[in-house]
Structure formats: structure tokens, C-alpha cells
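Observations on the three-dimensional arrangement
For reference, the chains in residue letters:
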Amino acid sequence: MTRHAESDDPFMPSALHDLMFGHIHSAALRAVAVHRIPDHLADGPRTPEELASRTGTDAGALRRVMRLLASRGVFREDDRGAFRLEELGQPLRTGVPGSQHAGVVMITSPMFARSAPRLQDTLETGQPSFDYIYGMPFFEHLLKSPEDRATFDAGMAAFSGAEDELVAQSYAFPPDSRVIDVGGGRGGLLGAVLRGEPSLSGVLFDQSATVAEHVLDRPELAGRWRTEGGDFFTAVPSDGDVYLLKHILHDWDDEDCLRILGSIRRAARTGARLLVVDAVLPGNSAPHPALELDIVMLMALKGRERTAAEFESLLDRAGFRLRRILPTPGLPAIVEAVAV
Ligand SMILES: C[S@@+](CC[C@H](N)C(=O)[O-])C[C@H]1O[C@@H](n2cnc3c(N)ncnc32)[C@H](O)[C@@H]1O
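Please read all numbers here as calculations on a predicted model, not as lab measurements. (Residues numbered from 1 in each chain as written. Predicted model: local features only at pLDDT ≥ 70, side-chain atom pairs only at ≥ 80, totals over all residues.)

For the protein chain, the helix and strand inventory stands at 16 helices and 11 strands. Its C-alpha atoms give the protein chain a radius of gyration of 22 Å, near enough to 20 Å, the size a compact globule of 340 residues would have. Across its three principal axes, the protein chain shows a C-alpha extent of roughly 65 × 50 × 40 Å. The 340 residues of the protein chain split such that 38% are buried. Long-range contacts, defined here as pairs at least 24 residues apart, represent 61% of the contacts in the protein chain between residues at least 6 apart. (Helix = DSSP H or I, 4+ residues; strand = E, 2+ residues; numbered from the N terminus. Rg over C-alpha atoms; globule rule 2.2 N^0.38 Å. Buried ≥ 20, exposed ≤ 12 C-beta atoms within 10 Å, placed from the backbone. Contact = placed C-beta atoms within 7 Å.)

Okay, structure coming up:
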């Protein structure tokens, strides 16, 4: 096997090795996250025996899993065999700013991990492998499985928590306007937007089970928001000045995106703004952090990450004109459009 070009170490795994064993890294990360091992290392190193007795896990198995992750910089093992949490592993703790714990638990969950080995079927049919395994589309499954719904919503909130403030600060929302976050999850982005400009009001719109878990009940936001449960394929709240769609269009194929955009266009007055907050892919195969997500969309949903030209064409067909694309310091960009 070709080893990493930058290393002469004969034991340094090759790039091909890492690609081949990616699911093992993912499973190891999930195992320590689910058992909250990183939380038990918050105040210093511990041996696998100490960790095992605190978490009800098997010390021998835990040592081997932690050894693999230590080889990748998540933990570091000292001379007495105790492990400490490295900087890379800090976001695996719960309850710390920027925690990715729920995001890791979501993206490594059976919902996605079971679909991955069937990607080959998706190549043959073009259809999400999730649908054969679960017998129904992804979001229909979430309606029927409160446990997976909670895992998904918490994971999205964790991923979004890292980017909501960055997105909110990257756009000058017109004062006194009403912002409607369509498919806004638990309201992390809407909360950040309202905090940034005191004259704004907002509506959090999503499926009822999701808005029921909203995070908007904060003193500084009092009286400036409401929630509404519903189906964005049918109708969304009207009279918004700014409509937000964050990580929504990437979940759906063009036909379904046109149905969602159609609901917004029917609800919005001409001149209203639409902000699509999603990754914008380059038009080539250059590395981009949304490429893995694009495959998640392919195998679990009917979605895709899109290029600027693809967004422009979709928006145009739905009665919106793309005005500009603003970068944010995080993964997503803000595609600004206006209802025409
Ligand atoms: C990928 S999440 C994005 C959530 C949020 N915008 C964010 O960035 O964290 C997709 C959201 O679409 C919502 N959703 C899916 N189907 C829906 C529908 N038919 N009507 C309303 N919301 C829906 C889900 O409940 C979920 O919160």
C-alpha cells in the first residue's frame, strides 16, 4: 500500500488504509461518545479500569478502542496507561460550549451507519438505501420513531449550534422585519438572529414534534417569537419579510425543493427575501467539507449539496432571483434571493 507521502514511518497508515477503515474510526468515536468517556476525563487522565468502573464498560475492550482513537489524536496515553482527552476530543464532552457530542451520536447512529454499506444499491437505483432498509423515507421514519427523532434533532442542534451565531452575524437583517425560519429545527438560528437585532420578530416553523422542543424561551427574546408546527410542502406562515431555509434544500431532490420553494413563494410578498443557508459546492472535485454530507444525502435522503449554478437555477424556477452569495466563517454560505 502507498503510505502517506509525508511520512517515512513504516507504520503510518496509508491514505487508502484510512479510507478503507473509516467505518471503524466512526464506530470507535461513537462507542466512547455513547458511554460518555470524554466527560469522565474532564478533570484529568484516568485508566481504562477507572473509566470502566465509572461507565459500566469492559476495561479491556475500552483500552483497545481508546488506543485506536489515541493513535488519531483524540486521547493521549501516559506511561502508567492512563488516557487524557486531547484538544481534538474536547468537543466530544457534553455540556461544553461547541459540544459536538450529540452531532457525533447522530451522524454515527444506525440511521446513517446502516444505510452506508448499501450505498452500492443506491449506485444501481439512484434511490436512497435508507428507504429499502427502513421501508420508508427518512423524515417519515422520524415521525414514527421518537427515539431517532430525538437523536436527529439533538444532533442537528449540536451541528447548528456551532454555526448559528456565525450565520446570524454574517447577514445584515433589515430592522423591524419578520423572519420566518422554515424547517428551523429547535430554533437555534432564529434565536441567534433575534439576539443580533432587537427590532426583529420571528416565527419558528417545523414539524410539531420538533418545535415542541424549541430553545427560544429566553428572557432576552420574550414577546418576539412564536412557533408553528406544519408541513412545508403544503404551506408556510405568510407575511414574512425574510424567509430562512437552513440545511433544508440539501435534504431534497429538485422536484421536492420546488414544492418547498413554491410554498414560500405563495406565502411571501413580492420583494420578500429568501436566505438559503447551505454549503455551496465548488463546480469541481476539489476537497470540500460538505462532500461527505453530499453522500449522506444521497444514501439517506433524496437530497444533494449544490453548486451556485444549481441554486440559481432552482431559485429561478421557483420565482426567486438570486442576488448574491455571502460566505460565513463556517461550512454554510448564505444564498440571498428575492421573490420576483
Ligand atoms: C436538516 S434539518 C435542519 C434543521 C435546522 N434548519 C438547522 O439548520 O439545524 C431539517 C429540518 O426539516 C424539518 N422537516 C422535514 N420535513 C418537514 C416538513 N414536511 N415540514 C416541515 N419541516 C420539515 C425537520 O424536522 C428538520 O428540523
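Here the narrative resumes.
Okay, helix α15 (residues 291-300) next. Along α15, the residues classified as buried are Leu-293, Val-296, Met-297, Leu-298, Met-299 and Ala-300. The inward-facing, buried residues of α15 abut α6 (110-113), α7 (119-125), α8 (129-134) and α9 (138-144).

For the rest of this paragraph, the subject is the site of the ligand. Within the structure, the ligand sits among 16 residues, and Ser-160, Gly-183, Gly-185, Phe-232 and Lys-246 are positioned closest to it. Residues of the shell around the ligand, tallied by class, amount to five nonpolar, seven polar and four charged. (Near = placed C-beta within 6 Å. Nonpolar A, V, L, I, M, F, W, Y, C, P; charged D, E, K, R; others polar.)

Moving on to the nonpolar core. Judged by nonpolar contacts, the single largest core of 46 residues is most densely connected at Val-182, Tyr-243, Leu-244, Leu-245, Leu-274 and Val-276. Setting aside residues no more than four positions away along its own chain, Leu-244 makes contact with Val-179, Ile-180, Asp-181, Val-182, Gly-184, Leu-189, Leu-275 and Val-277. The next biggest cluster of nonpolar side chains, apart from the first, holds 36 residues, and it includes Val-32, Met-66, Ile-107 and Val-296. (Core = buried A, V, L, I, M, F, W, Y, C linked by C-beta atoms within 7 Å.)

What follows deals with unusual backbone geometry. Positioned with a positive phi, Arg-36 is a non-glycine residue whose angle comes to about 55 degrees. Inspection of the secondary structure puts Arg-36 in the loop between α2 (22-34) and α3 (48-55). What makes Arg-36 partly exposed here is the crowd of 16 C-beta atoms within 10 Å. A positive phi is found at Asp-176, a non-glycine position, where the angle reads about 65 degrees. Secondary-structure assignment places Asp-176 in the loop between α11 (164-169) and β3 (178-182).

Bringing the pairing of strand β11 (residues 333-339) into the picture now. In terms of burial, β11 is a largely internal element, five of the seven residues being buried. When strand β7 (residues 273-278) meets β11, the two strands line up antiparallel, connected through six bridges. Pairing of Leu-275 across the sheet is with Glu-336, part of β11. Pairing of strand β10 (residues 320-326) with β11 involves six bridges; the strand directions are antiparallel. Across the sheet, residue Arg-321 finds its bridge partner in β11, namely Val-338. The antiparallel hairpin formed by β10 and β11 contains six residues in its connecting segment. (Pairing = 2+ DSSP bridges.)

Right, let's get into the environment of Asp-181. With respect to the element layout, Asp-181 can be found in strand β3. For Asp-181, a count of 29 C-beta atoms within 10 Å puts it in the buried group. Along the chain, Asp-181 and Leu-275 lie 94 residues apart, while their C-alpha atoms are 9.5 Å from each other. Leave out the neighbours within four places in its chain, and Asp-181 touches Leu-189, Leu-190, Gly-202, Leu-204, Phe-205 and Leu-244.

Where α3 contacts helix α4 (residues 59-71), the two axes come as close as 9 Å, and the packing angle between them is 120 degrees. Between α3 and α4 lies a crossing of right-handed hand. On the side of α3, the interface is formed by Pro-48, Glu-49, Leu-51 and Ala-52, while α4 contributes Ala-59, Leu-62, Arg-63 and Met-66. Counted by class, the contact of α3 with α4 contains six nonpolar, no polar and two charged residues. (Axes fitted to C-alpha atoms, helices over the stretch in contact; angles between N-to-C directions. Left-handed = near helix turned anticlockwise from the far one by under 90°.)

Sheet architecture is open: seven strands sit in the order β5-β4-β3-β6-β7-β11-β10, paired in mixed fashion. Unpaired on one side and paired on the other, β5 (225-229) and β10 mark the two borders of the sheet. Between one strand axis and the next, the sheet turns through 20 degrees on average, direction left out of account. Each of β7, β10 and β11 is contacted by helix α16 (residues 308-317), which is oriented at about 155 degrees to β10, the strand it contacts most.

As a further point, take the domain arrangement of the protein chain. Considered domain by domain, the protein chain is made up of domain 1 (15-99), domain 2 (114-156) and domain 3 (161-339). If you average the C-alpha positions of domain 1 and of domain 3, the two centres end up 35 Å apart. (Domains from an automatic or database assignment.)

Turning our eyes to something else, we now look at the environment of Arg-273. Counting through the fold element by element, Arg-273 comes out in strand β7. Considering only alpha carbons, one finds Arg-273 and Gln-207, 66 residues apart in sequence, at a separation of 23 Å. Setting aside its immediate chain neighbours within four residues, Arg-273 contacts Asp-241, Val-242, Glu-336 and Val-338.

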